[in-house]
Amino acid sequence: YHMALRLTRDRLLALALTALFRSVPYGIAYFIYASDYSFVMLLVAAFLYVALLYIETGLVGYFILATLIPAFAMHINYLMGILWAAWLAMLILAHARPIREPAPEPLEILDEEEMPHDEVTETTICPQPPTFPRLLFSAQLWGWLIVAVLIASPWYVRNWTLSGNPVYAFFPSLFPK
């Protein structure tokens, strides 16, 4: 709902899209299963929402969340590794575009004569994200990526140790024992 609301800025359309999602039998089936797929869908939705916020604002906190969500999601299901492709697309979309224009001035709610003249108005300015090549050489990117890999790796290390295949039961021809 919040992602649709943020993208469309229309409450009725966001409610309609949420109702449409909930009416799709495939979605209903996954939410009633006694399996991990409901958590998978929850983490995918959370990741997509945080990625959208990062693309819009460029704030570091959203980057950190968008990096940690796929790392923790890898503990739920091996297939969650696909979120890393979406993570890379998020980085490209957030950093490989022209410089953001400054935020528009806030709308005046009060008339000029009703506005107190002694108050200082503050505006929130989103920082300009670095360009994509500069981001690739930033310590912050690589530091959080290493943390995410360490968080995501225990099951893969375990499988590699026990079976010689980090994604045991998948790709047996790539990892012969």
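So, a few notes on the structure that sits alongside this text. (Residues numbered from 1 in each chain as written. Predicted model: local features only at pLDDT ≥ 70, side-chain atom pairs only at ≥ 80, totals over all residues. Heavy atoms only, no water.)

### A few points about the overall build of the chain
In step 1: Broken down by element type, the chain carries nine helices and zero strands.
In step 2: Moving toward the C terminus, one meets the helices and strands of the chain in the order α-α-α-α-α-α-α-α-α.
In step 3: Within the chain, counting contacts between residues at least 6 apart in sequence, those at least 24 apart form 61% of the total.
In step 4: When the accessible area of the chain is evaluated, it comes to approximately 12,700 Å², of which 71% is carbon and sulfur surface. (Helix = DSSP H or I, 4+ residues; strand = E, 2+ residues; numbered from the N terminus. Contact = heavy atoms within 4.5 Å. Areas by Shrake-Rupley, 256 points an atom, 1.4 Å probe, with all protein chains shown as cover.)

### Points about helix 9 (residues 154-163)
In step 1: All of the buried residues along helix 9 are Tyr-156, Asn-159 and Ser-163. Looking down the long axis of helix 9, one finds its buried residues gathered within 65° of arc, a one-sided arrangement. Away from its buried face by more than 90 degrees, helix 9 exposes Thr-161 and Leu-162.
In step 2: Tucked into the core, helix 9 has its buried residues touching helix 8 (139-152).
In step 3: Just downstream of helix 9 lies Gly-164, where phi reads positive at about 80°. (Buried < 20%, exposed > 50% of the residue type's maximum accessible area, 1.4 Å probe, protein only. Arc of directions from axis to C-beta.)

### Examining helix 5 (residues 60-73)
In step 1: The end-to-end C-alpha separation of helix 5 is 20 Å, in line with the 20 Å expected for 14 residues at 1.5 Å each.
In step 2: Along helix 5, the residues that are buried comprise Phe-63, Ile-64, Ala-66, Thr-67, Leu-68, Ile-69, Pro-70, Ala-71 and Ala-73.
In step 3: On its buried side, helix 5 packs onto helix 4 (37-57), helix 6 (83-95) and helix 8. (Expected span 1.5 Å × (residues − 1).)

### Here's the deal with the environment of Leu-141
In step 1: Within the secondary structure, Leu-141 sits in helix 8.
In step 2: For the pair Leu-141 and Ile-64, spaced 77 residues apart in sequence, the C-alpha to C-alpha distance is 9.0 Å.
In step 3: Contact partners of Leu-141, with chain neighbours within four places excluded, come to Phe-63, Trp-87, Leu-91, Leu-135 and Leu-136.

### Observations regarding the packing of aromatic side chains
In step 1: Applying the stated rule across the entire model yields three aromatic pairs.
In step 2: Ring geometry for Tyr-54 against Phe-63: centres 5.7 Å apart, planes inclined by 45°, an arrangement best described as tilted.
In step 3: The interplanar angle of 40° and the centroid separation of 6.3 Å between the aromatic rings of Phe-63 and Trp-87 together place this pair among those described as tilted. Remark: Trp-87 occurs in helix 6 and Phe-63 occurs in helix 5; sequence separation between them is 24 residues. One exposure class covers both Phe-63 and Trp-87, and it is buried.
In step 4: Three or more aromatic residues joined by ring pairs form one cluster here, namely Tyr-54, Phe-63, Trp-84 and Trp-87. (Phe/Tyr/Trp six-rings, centres within 6.5 Å; stacked < 30°, edge-to-face > 60°.)

### Observations regarding the pattern of salt bridges
In step 1: Summed over all chains, the structure comprises one salt bridge.
In step 2: Two residues, Arg-6 and Glu-56, come together in a salt bridge whose shortest N-O distance is 2.5 Å. Taken together, the positions of Arg-6 in helix 1 (residues 2-8) and Glu-56 in helix 4 put the pair 50 residues apart, joining distant regions of the chain.
In step 3: The exposure class assigned to Arg-6 is partly exposed, which follows from its relative accessible area of 25%.
In step 4: A relative accessible area of 29% means that Glu-56 is categorised as partly exposed. (Salt bridge = Lys/Arg side-chain N within 4 Å of Asp/Glu carboxyl O.)

### Some thoughts on the nonpolar core
In step 1: Ranked by size, the top nonpolar core spans 23 residues in total, and within it Phe-47, Phe-63, Trp-87, Met-90 and Leu-91 carry the most contacts.
In step 2: Per-element tally for this core: the top contributor is helix 4, with seven residues.
In step 3: In contact with Leu-91, not counting residues within four places along its chain, are Tyr-54, Phe-63, Ala-96, Phe-132, Leu-135 and Leu-141.
In step 4: Of all hydrophobic cores here, the second largest spans six residues; its members include Ala-71, Ala-148, Tyr-156 and Val-167. (Core = buried A, V, L, I, M, F, W, Y, C linked by side-chain atoms within 4.5 Å.)

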